[in-house]
Number of protein chains: 2
Amino acid sequence: MSSTATRVAVIGLGSMGFGMAQSLRRAGLDTCGTDVAAEAVARFAAEGGRGAATAAEAVPGADIVVSVVVNAAQTEAVLFGEGGIAAAMPEGAVFVSSATMDPAIARRLAARLEATGRHYLDAPISGGAARAAKGELTVMASGSPAAFARARPALDAMAVKVYELGDAAGTGAAFKMINQLLAGVHIAAACEAISLAAKQGLDLGKVYEVITASAGNSWMFENRIPHVLEGDYRPASAVEIFVKDLGIVQDMARSERYPAPLAAAALQMYLAAAGAGMGRDDDSSLARVYAQLSGAVLPGRKA
Amino acid sequence: MSSTATRVAVIGLGSMGFGMAQSLRRAGLDTCGTDVAAEAVARFAAEGGRGAATAAEAVPGADIVVSVVVNAAQTEAVLFGEGGIAAAMPEGAVFVSSATMDPAIARRLAARLEATGRHYLDAPISGGAARAAKGELTVMASGSPAAFARARPALDAMAVKVYELGDAAGTGAAFKMINQLLAGVHIAAACEAISLAAKQGLDLGKVYEVITASAGNSWMFENRIPHVLEGDYRPASAVEIFVKDLGIVQDMARSERYPAPLAAAALQMYLAAAGAGMGRDDDSSLARVYAQLSGAVLPGRKA
């Protein structure tokens, strides 16, 4: 690795972060990964990456810090908690925050970090683990021109599409929340519809064929209902993700004095699924909740 | 018109029925149209069609009767009410019912008509007025093989796609209701999301660009949100349509003991829009309801 290679620290080597770290390395960036789970760090090192035991050890010398933790609270702890990295990051480096969070919190974290002379890029991601590993994510980003310029080598390595949504943190987060509101409602609606179709005794494969060619279609109906038809609820994306994300939508809408009855109704169904023990199963498990509540019979697991 | 041409009666010359009658004539079928509004009949006659003052006058000699009335109650009145046509239809003729209705009612009407020696095709339509006029509708049909065979010339003239969904009335209606559940929820979700974006001060054109390329997209988001961006609420499809159709979904779900919280929440928003005086405006008017309830500012009407 040449001494002039851009240095990146990736904090959080879960299903998304691990793939993003792989994509950064593949693009020739000098990448150091860290995670609270030592085995994730060991796995990254075994593939030839540099590992660090703690975030504070990963960030000195980094030009770019990519944070791929779960939520706002973890992001705040990474930056400003015990062993937080804000002071350990080189001045002028950029913190790229990918966790989905309330825009107001993104603005607050950015202001606090920028006051120390580091840059903050509000950069929530979408695309899933497979696309993370291929460097094909979509990023909904906002931040200062300097933050974008600093982060560019990492963005180019991780994403096929970077939406540049404004020059202040919070805008990227807000776009992501609008998307999550729709995605969360559409999954719940898809499950409500397919289980009602089952209750009516309809041919569910035919329902899928007709709806995906009709005005009732959504990206999520098309993507998730095959899981129901196969009876396969292994997690591609877990129920708990939307417990979290529609929870953020509700918090954000409540603080804005904005009534969001569709998002509220959908959240209840994710809570019911999680409460019934399906929190770590695929989010299409909402169909099983509707079936339990109504006596509808869904397809069993295909061999 | 040759004496061997298939004879069709169209009952209901509204925005859908008028276009369907035009498509039937264009395909060479001997078409007689009727409507409770005399001016609609006069307009059809002025274009060269045959008009009749009442349904009872339109159906004698018809091979196919296409009913394009608003709902189940009107369909029942056309068939069995005062001046109803059931007895006036030739034996062996087919009644093609396109109104959206509860599947249980479709089954009941079919059984009653078939007991008199006429056929019933449960054939809800989708596609809107423009496609009706071009003979490019989608039909979600179910009924006996004899009903399909009899109705075929009319189906071919009116539709680009006929889904054959089963051999009993009710199945077509059930598919249509599943589609309407999704369509109605998706419009409400689209309006909830775009007005929340407005409340957040986001660039709404950019929101449209990002969402239509993301997992939060739906057919309805893509189709309806441009009305909001243009501030143009002239009715392409009116709020009252979903007051009716989600009402049917609720009736059907309630009688099946099926909880449908997303559809229920969406229905409340259509009711609010209609209650606030927007019932005959475009269904994207739900965005205006959210704006009124939250202080969000939506784009005004473009010149």
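Quantities reported herein were computed from a predicted structural model and do not represent experimental measurements.

Peer 1: Run through the side chain of Ser67(A), naming residues and quoting values.
Peer 2: Of note, Ser67(A) is situated in strand S4 (residues 64–67). When near neighbours in sequence (up to four residues on either side) are disregarded, Ser67(A) contacts Ile11(A), Phe95(A), Val96(A), Ser97(A), Ser98(A) and Ala99(A).

Peer 1: So what about the interface of chain A and chain B? Which residues, and what values?
Peer 2: Quoted interface sizes are often the accessible area lost when the parts come together. Across the contact, 57 residues belong to chain A and 57 residues belong to chain B. Summing both partners gives a buried area of about 5,000 Å² for chain A against chain B, and 72% of it is carried by carbon and sulfur. At the junction of chain A with chain B, the criterion picks out 0 salt bridges. Linking chain A with chain B are 18 residue pairs in polar contact (both at pLDDT 80 or more), by the criterion used here. Every element with two or more residues in the side of chain A that touches chain B is listed here: strand S9 (159–164), helix H8 (171–199), helix H9 (204–212), helix H10 (219–230), helix H12 (261–278) and helix H13 (286–294) of chain A. Broken down by element, the residue count for the side of chain A that touches chain B peaks at 20 residues, all from H8(A). For the side of chain A that touches chain B, a count of residues per class yields 39 nonpolar, 10 polar and 8 charged.

Peer 1: Go over the layout of surface pockets, please, and point to the residues and values.
Peer 2: Residues and elements named next belong to chain A. Taken as a whole, the second largest pocket encloses approximately 1,400 Å³ of empty space. Along the walls of the second largest pocket sit 45 residues, with Met16, Gly128, Ala129, Ser237 and Ile241 positioned nearest its centre. The set of elements that each furnish at least two residues to the lining of the second largest pocket consists of helix H1 (15–26), strand S7 (125–126), helix H6 (128–133), S9, H8, H10 and helix H11 (239–255). Grouping the constituent residues of the lining of the second largest pocket by class yields 19 nonpolar, 17 polar and 9 charged.

Peer 1: Pulling in residues and values, what's your account of the sheet that holds strand S6 (residues 119–122) of chain B?
Peer 2: Residue and element names in this part refer to chain B. Strands sit in the order S3-S2-S1-S4-S5-S6 across an open sheet of 6 strands; the sheet is parallel. Looking at the sheet topology across the chains shown, the edges are occupied by strand S3 (50–52) and S6. Going from strand to strand, the sheet's axes swing by 20° on average, the running direction of each strand aside. Across 5 bridges, the pairing between strand S1 (residues 7–11) and strand S2 (residues 30–34) is parallel. For Val10, the partnering residue across the bridge sits in S2 and is Gly33.

Peer 1: I'd love a proper account of the sheet that holds strand S9 (residues 159–164) of chain B, names of residues and values included.
Peer 2: Each strand in a sheet pairs with another by means of backbone hydrogen bonds, the pair being arranged parallel or else antiparallel. Residue and element names in this part refer to chain B. A sheet is described by the order of its strands in space; here 3 strands give the open sequence S7-S8-S9, paired in mixed fashion. Edge positions in the open sheet fall to strand S7 (125–126) and S9, since each of these has one partner strand only. The sheet contact formed by S7 and strand S8 (residues 137–141) spans 2 bridges and is antiparallel. Directly across from Ile125, in S8, lies its bridge partner Val139. Sitting on the sheet, helix H7 (residues 145–158) is in contact with S8 and S9, with an inclination near 145° to S9.

Peer 1: Kindly report on the relation of the copies chain A and chain B, identifying the contributing residues and their values.
Peer 2: With an RMSD of 0.1 Å, chain A superimposes on chain B once it is rotated by 180° and translated 0.0 Å along the axis. Taken together, the turn and the small shift mark the pair as related by a two-fold rotation axis. When each C-alpha of chain A is compared by its distance to the rotation axis, Ser218(A) comes out closest, at 1.9 Å.

Peer 1: A description of the packing of H8(A) against helix H8 (residues 171–199) of chain B should follow, citing residues and the corresponding values.
Peer 2: Where H8(A) meets H8(B), the axes come as close as 10 Å, and the angle between the chain directions of the two elements is 165°. Judged by the angle between their axes, H8(A) and H8(B) are roughly antiparallel. Crossing angle aside, the handedness with which H8(A) passes H8(B) is right-handed. Residues Ile178(A), Leu181(A), Leu182(A), Val185(A), His186(A), Ala189(A), Ala190(A), Glu192(A), Ala193(A), Leu196(A) and Ala197(A) of H8(A) pack against Ile178(B), Leu181(B), Leu182(B), Val185(B), His186(B), Ala189(B), Ala190(B), Glu192(B), Ala193(B), Leu196(B) and Ala197(B) of H8(B). Across the contact of H8(A) with H8(B), the residue classes break down as 18 nonpolar, 2 polar and 2 charged.

Peer 1: Which residues make up the pattern of salt bridges, and what values do they have?
Peer 2: Pairing of side chains with opposite charge becomes possible as their charged atoms draw close. Per the counting criterion, the structure on display carries 24 salt bridges over all chains. The partner of Asp30(A) in a salt bridge is Arg50(A), with the nearest N and O atoms 3.1 Å apart. Of this pair, Asp30(A) sits in strand S2 (residues 30–34) while Arg50(A) sits in strand S3 (residues 50–52); the two residues are 20 residues apart in sequence, bridging distant segments of the chain. Across the pair Asp63(B) and Arg150(B) runs a salt bridge, and its minimum N-O distance is 3.9 Å.

Peer 1: Please set out the pairing of S6(B) residue by residue, giving values where relevant.
Peer 2: Residue and element names in this part refer to chain B. Pairing of strand S5 (residues 94–97) with S6 involves 4 bridges; the strand directions are parallel. When the sheet's bridge partners are listed, Phe95 is paired in S6 with Tyr120. In this fold, S5 hands off to helix H5 (residues 103–114), which returns the chain to S6; that crossover is right-handed.

Peer 1: Run through the UniProt feature "domain: 6-phosphogluconate dehydrogenase NADP-binding" (unreviewed entry) in chain A, naming residues and quoting values.
Peer 2: Within this structure's numbering, the places UniProt gives as "domain: 6-phosphogluconate dehydrogenase NADP-binding" (unreviewed entry) are residues 7–166 of chain A. Each end of residues 7–166 of chain A is marked by a C-alpha atom, and these two atoms are 26 Å apart; helix forms 41% of the span and strand 24%.

Peer 1: If you had to explain the UniProt feature "domain: 3-hydroxyisobutyrate dehydrogenase-like NAD-binding" (unreviewed entry) in chain A to someone new, which residues and values would you point to?
Peer 2: Per the UniProt annotation, the sites labelled "domain: 3-hydroxyisobutyrate dehydrogenase-like NAD-binding" (unreviewed entry) are residues 170–290 of chain A. Here residues 170–290 of chain A is 74% helix and 0% strand, with 36 Å between the C-alpha atoms at its ends.

Peer 1: Tell me about helix H10 (residues 219–230) of chain B, and name the residues and values.
Peer 2: Since the α-helix advances by 3.6 residues per turn, residues separated by three or four positions end up pointing in the same direction. Every buried residue of H10(B) is listed here: Met220(B), Phe221(B), Arg224(B), Ile225(B), His227(B), Val228(B) and Leu229(B). Just past H10(B), the residue Gly231(B) takes up positive phi, approximately 65°.

Peer 1: A description of the pairing of S5(B) should follow, citing residues and the corresponding values.
Peer 2: All names here are of chain B. Where burial is concerned, the two faces of S5 agree: the one with Val94 and Val96 and the one with Phe95 and Ser97 are both buried. Sheet analysis places strand S4 (residues 64–67) next to S5, joined by 4 bridges and oriented parallel. Within S5, the residue paired with Val66 across the bridge is Val96. Where the polypeptide runs from S4 across helix H4 (residues 72–80) and back to S5, its parallel neighbour, the crossover connection is right-handed.

Peer 1: Account for the domain arrangement of chain A, with residues named and values stated.
Peer 2: All names here are of chain A. Segmenting chain A into domains produces domain 1 (7–168) and domain 2 (174–294). Taking only C-alpha atoms into account, the centre of domain 1 sits 29 Å from that of domain 2. Contacts between the two partners involve 10 residues from domain 1, matched on the other side by 11 residues from domain 2. Interface area, domain 1 with domain 2, both sides summed: about 890 Å², of which 70% is carbon and sulfur. The interface formed by domain 1 and domain 2 holds 0 salt bridges in total. Applying the counting criterion to the domain 1 and domain 2 interface returns 2 residue pairs in polar contact (both at pLDDT 80 or more). Residue composition of the side of domain 1 that touches domain 2, grouped by class: 7 nonpolar, 2 polar and 1 charged.

Peer 1: Go over the packing of aromatic side chains with me, naming the residues and quoting the values.
Peer 2: Tallying each qualifying case throughout the model produces 10 aromatic pairs over all chains. Judged by centre distance (5.9 Å) and plane angle (85°), the ring pair of Phe18(B) and Phe44(B) falls under edge-to-face. Highlighted residues: Phe18(B) in helix H1 (residues 15–26) and Phe44(B) in helix H2 (residues 38–46), separated in sequence by 26 residues. Given the relative accessible area of 3%, Phe18(B) is considered buried. Centre to centre, the rings of Phe95(B) and Tyr120(B) are 5.8 Å apart; their planes meet at 35°, and the pair counts as tilted. Placement of the pair is Phe95(B) in strand S5 and Tyr120(B) in strand S6, with a sequence separation of 25 residues. For Tyr120(B), a relative accessible area of 0% corresponds to the buried category. The ring of Tyr233(A) has Arg288(A) sitting right over it, with the charged end atom 4.2 Å from the ring centre. The lysine or arginine in question, Arg43(B), covers the ring of Phe18(B), its NZ or CZ lying 3.9 Å from the ring centre.

Scoring rules and cut-offs
- Residues numbered from 1 in each chain as written.
- Chains lettered and ligands numbered in written order.
- Predicted model: local features only at pLDDT ≥ 70, side-chain atom pairs only at ≥ 80, totals over all residues.
- Heavy atoms only, no water.
- Helix = DSSP H or I, 4+ residues; strand = E, 2+ residues; numbered from the N terminus.
- Contact = heavy atoms within 4.5 Å.
- Buried area = accessible area lost by both parts, 1.4 Å probe.
- Salt bridge = Lys/Arg side-chain N within 4 Å of Asp/Glu carboxyl O.
- Polar contact = N/O pair within 3.5 Å; in protein donor to acceptor, adjacent residues only side chain to side chain.
- Nonpolar A, V, L, I, M, F, W, Y, C, P; charged D, E, K, R; others polar.
- 1 Å grid on protein atoms, 1.4 Å probe; cavity = no way out; pocket = protein on both sides within 12 Å on 5 of 7 lines; lining within 4 Å.
- Points joined across faces, edges and corners; volume = space filled by probe spheres on them.
- Pairing = 2+ DSSP bridges.
- Axes fitted to C-alpha atoms, helices over the stretch in contact; angles between N-to-C directions.
- Least-squares fit on C-alpha atoms with pLDDT ≥ 70 in both.
- Parallel < 35°, antiparallel > 145°, perpendicular 65-115°, else oblique.
- Left-handed = near helix turned anticlockwise from the far one by under 90°.
- Right-handed = clockwise from strand over helix to strand, strands pointing away.
- UniProt positions renumbered as here; feature names shortened; annotations may be inferred.
- Buried < 20%, exposed > 50% of the residue type's maximum accessible area, 1.4 Å probe, protein only.
- Domains from an automatic or database assignment.
- Phe/Tyr/Trp six-rings, centres within 6.5 Å; stacked < 30°, edge-to-face > 60°.
- Lys NZ or Arg CZ within 6 Å of the ring centre and 35° of its normal.

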